[in-house]
Amino acid sequence: VFLHSFMINREHLCSNHPFATPQTVQSITHSSLPEMRFDGHISFNNIEFAAKDFGNRYHLMPSAVLHPKSVSDISSVVKYIFDLGLASELTVAARGHGHSLEGQAQAYQGVVISMEALRVPEMSFHTGKRPYVDVSAGELWINILHESLKRGLAPRSWTDYLHLTVGGTLSNAGISGQAFQHGPQINNVYQLQVVTGRGEVSTCSEEQNADLFHAVLGGLGQFGIITQARIALEPAPKMVKWIRALYSDFSTFARDQEHLISLTSSLDYVEGFVIINRTGLLNNWRSSFNPKDPVQADQFTTEGKILFCLEVAKYYNPRESDHINQDVDTLLSELNYIRSTLFLSEVSYVDFLDRVHVSEVKLREKGLWEVPHPWLNLLVPRSRIHEFAREVFGNIVKDTSNGPVLIYPVNKTKWKSGTSVITPEEDVFYLVAFLSSAIPSSTGKDGLEHILSQNRKILSFSQRPNLGIKQYLPHYSTEEEWKVHFGAHWEVFCRRKLSYDPLAILAPGQRIFRREK
Ligand code: FAD
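Each value, and the rule that gives it
- Residues numbered from 1 in each chain as written.
- Predicted model: local features only at pLDDT ≥ 70, side-chain atom pairs only at ≥ 80, totals over all residues.
- UniProt positions renumbered as here; feature names shortened; annotations may be inferred.
- Helix = DSSP H or I, 4+ residues; strand = E, 2+ residues; numbered from the N terminus.
- Rg over C-alpha atoms; globule rule 2.2 N^0.38 Å.
- Buried ≥ 20, exposed ≤ 12 C-beta atoms within 10 Å, placed from the backbone.
- Near = placed C-beta within 6 Å.
- Nonpolar A, V, L, I, M, F, W, Y, C, P; charged D, E, K, R; others polar.
- Pairing = 2+ DSSP bridges.

Looking up the protein chain in an unreviewed UniProt entry gives the name cytokinin dehydrogenase, with the organism given as Perilla frutescens var. hirtella. Word for word, the UniProt comment on the protein chain under Catalytic activity (unreviewed entry) is "N(6)-dimethylallyladenine + A + H2O = 3-methyl-2-butenal + adenine + AH2". In its Sequence similarities (unreviewed entry) section, UniProt records this for the protein chain: "Belongs to the oxygen-dependent FAD-linked oxidoreductase family."

Dropping the structure here:
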């Protein structure tokens with residue numbers, strides 16, 4: 001496939017340069033990519049998909065989409081653009097599964113690299129004491145799960161939804177209910193191959209090019225395009241005891257969650273969510289969860305209250321079932337949930353991990369998957385979680401929620417230090433995720449404007465300087481906000497940008513740095 005010259009009429013978006021304030025919109029004319037031979041191909045038509053994401057609010061058209069079949073396809077394009085130097089404003093965005101929320105995988109008038117096209121290396125498993133799998137960074141986690149299970153193995157740390165790419169989640173952190181024990185996904189990767197913003201291909205790990213390795217993990221795509229990852233595996237269980245129990249008091253709920261994540265031998269998954277005026281949600285469970293005490297559970301009513309649902313899981317293999325039951329009963333007996341509200345389910349490990357996909361299928365059937373998703377994810381220090389819950393669930397989101405509201409603590413001691421992810425400074429912090437869906441034409445409480453305004457109120461409270469709350473999957477539009485987000489880490493972030501992507505070519509959709517002539 002040959003690539004000939006193309007013209008780019010570029011407008012600046014409100015992105016920033018580390019050393020410049022945002023500028024007004026301007027357009028320039030740009031010419032020419034030389035003749036290049038690709039193992040894959042580059043498209044200039046039918047590329048609208050690259051201007052969409054799960055958030056469904058930002059739609060920035062690129063000029064071209066590269067479908068790479070080799071790492072050299074990626075490095076040649078980045079190198080070519082790098083070599084144009086200051087004469088160019090072209091940018092490049094790696095696009096994983098496009099499940100960003102605010103255009104982070106888009107590149108206005110730039111080149112989007114469709115990472116899912118990259119099929120090299122084929123998944124390659126290494127068993128033994130320290131099992132791992134080498135995968136292409138465009139691989140979906142769900143595929144890795146299925147292939148690993150054929151060998152009796154599985155990754156240790158997950159996201160709640162598995163139809164995301166390795167490169168996409170490693171560029172953020174990858175947090176789910178296993179993170180309290182294993183750290184996020186970025187803790188469970190041994191080695192990466194990366195194409196930097198200079199177009200150079202580097203292998204990095206704790207031992208080799210460690211600064212690049214740390215920069216890229218949670219690096220929001222700013223320092224390089226991850227092309228390959230070596231992911232830690234563990235023996236996979238077959239089954240999961242999946243348990244939910246309700247609390248009406250936030251302090252009791254949080255105390256129990258923190259107790260569970262402090263135990264060295266505990267459950268395998270600890271999460272939780274807030275139920276705001278949603279009796280229907282409880283009734284839904286009854287089809288798949290069995291109440292431990294059916295008579296009393298039947299009498300339990302939510303009465304429009306805010307409830308907090310602990311969600312935990314214990315992995316097991318069928319022959320261990322008896323002693324696992326005892327272990328789980330002992331752990332549960334130490335907790336203070338409302339006794340009549342213990343619900344249990346036993347499912348296969350795959351069904352447990354792929355649980356959100358079941359909701360996706362249902363929502364797609366109703367045409368409710370491809371709606372705007374004004375999500376807000378926060379990391380709240382333990383010392384502030386009660387104040388946060390009082391204000392947010394007591395005043396801001398007290399009547400209704402437009403999707404799940406997750407809330408669960410993780411142990412910072414399990415997080416690798418030196419990566420690019422910004423977390424609160426305390427040993428325990430909570431992930432609080434407002435996973436809202438907006439009804440497109442609604443002007444009511446389920447409409448985009450209402451949800452965005454609620455998010456602004458939550459953010460305005462959360463950004464009080466003494467609270468130390470950080471955004472996860474962060475999104476800002478000014479340099480000042482990014483500086484506050486990174487705090488003392490801003491200098492390192494900028495230093496790494498200058499080392500690995502000095503022309504600010506990569507991941508412009510994050511709007512941290514601005515490429516300019
Ligand atoms: P994309 O959206 O395609 O890309 C995200 C960013 O990473 C972009 O800036 C892009 O340029 C960059 N990027 C993509 N690939 C690469 C690469 N190979 N190298 C370098 N940069 C790259 N997150 C959690 O932590 N825990 C969860 O439980 C969780 N659940 C989710 C559930 C749903 C339904 C959705 C939609 C998202 C969820 N997320 C969760 C957020 C998710 O991890 C991020 O949005 C992630 O970026 C999506 O992966 P993706 O492959 O779609 O990446």
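Asker: So, the overall build of the protein chain: which residues are in play, and what are the values?
Answerer: Across its full length, the protein chain carries 15 helices and 21 strands. Here the protein chain has a C-alpha radius of gyration of 23 Å; the compact-globule value for 517 residues is 24 Å, and the two agree. Projected onto its principal axes, the C-alpha coordinates of the protein chain cover approximately 75 × 55 × 45 Å. When each of the 517 residues of the protein chain is scored for burial, the buried share is 45%.

Asker: An account of the site of the ligand is needed here, citing residue identities and associated values.
Answerer: Neighbouring the ligand are 37 residues; Gly96, His99, Gly167, Gly168 and Gly221 lie closest to it. Counting residues per element, the ones that place at least two in the shell around the ligand are strand E5 (92-95), helix H3 (166-170) and strand E12 (224-235). Partitioned by chemical class, the residues of the shell around the ligand number 16 nonpolar, 18 polar and three charged.

Asker: With reference to specific residues and values, describe the UniProt feature "domain: FAD-binding PCMH-type" (unreviewed entry) in the protein chain.
Answerer: UniProt records the feature "domain: FAD-binding PCMH-type" (unreviewed entry) for residues 58-236 in the present numbering. What you have in residues 58-236 is 22% helix and 27% strand, and the ends, taken at the C-alpha atoms, are 39 Å apart.

Asker: Provide a residue-level description of the pairing of strand E18 (residues 376-381), including the pertinent values.
Answerer: Most of E18 is tucked away: five of the six residues are buried. Where E18 and strand E20 (residues 428-434) come together, six bridges link them in antiparallel fashion. Among the inter-strand pairings, Pro381 is bridged to a residue of E20, identified as Phe429. Relative to strand E21 (residues 470-472), E18 runs antiparallel, the two sharing three bridges. Bridging across to E21, Leu379 finds its partner in Lys470.

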